[in-house]
Amino acid sequence: FNNFTIFIQVQILKEGSLRRRALAIKKIIQMGEHFRLTRNYNSLCAVFSALNSAPIHRLKLAWSKVPDKNRQIFQEWSPIFSRDFNHRNLRGLLRKAGGN
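Residues numbered from 1 in each chain as written. Predicted model: local features only at pLDDT ≥ 70, side-chain atom pairs only at ≥ 80, totals over all residues. Heavy atoms only, no water.

Focus on the nonpolar core
Generally speaking, nonpolar side chains in soluble globular proteins are found buried as a group. Let me state the cut-off plainly: Here the nonpolar core consists of buried residues drawn from Ala, Val, Leu, Ile, Met, Phe, Trp, Tyr and Cys, with membership extended through side-chain atoms lying within 4.5 Å. Throughout this description, buried means an accessible area under 20% of the type-specific maximum (1.4 Å probe, protein chains only), exposed means over 50%, and partly exposed covers the range between. Helical segments are the DSSP runs of H or I of at least four residues, strand segments are the runs of E of at least two, and each set is numbered from the N terminus. Contacts are assigned to residue pairs with any non-hydrogen atoms lying within 4.5 Å of each other.
One finds I12, I25, I29, L51, W63 and W77 to be the most contacted residues of the largest nonpolar core, which totals 25 residues. Within the residue set of this core, elements represented by two or more residues are α1 (2–13), α2 (18–37), α3 (41–52), α5 (60–65) and α6 (68–77). Beyond its immediate chain neighbours, meaning those up to four positions away, W77 contacts I29, G32, E33, R36, L44, V47, F48 and L51.

Brief notes about α6
We count it as follows: Comment: arc refers to directions from the helix axis out to C-beta atoms.
Burial in α6 covers these residues: N70, I73, F74 and W77. Seen from one end, α6 has its buried residues packed into an arc of 100°, which puts them on one side. In α6, those exposed residues whose orientation departs by more than 90 degrees from the buried face are D68 and K69. Along its buried surface, α6 packs onto α2, α3 and α5.

Quick notes on unusual backbone geometry
Of note in this structure, R39 is not a glycine but carries a positive phi near 65°. Examined against the element boundaries, R39 turns out to sit in the loop between α2 and α3. Overall, the relative accessible area of 51% leaves R39 in the exposed class.

Dropping the structure here:
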């Protein structure tokens, strides 16, 4: 989990231009959405944590270049990982996903 989170951060930060950082953020959000659709909540949590980390979150100019559609998808993940009621939303999704 931690290695994957750091890997995502490095992939964004190593990009040299604003346009390429925005493109990297967009691609990572698309990857996270794939994780959500396949019910891979552990990897989705790593993506969400990486994008919410201080080094990535403060890239305001890069975030402003990310399409609204992708930013909206990212914002839709927030309730999944809300800490309210001891992560009730995440526990509910895990229960629905089934498996062991």
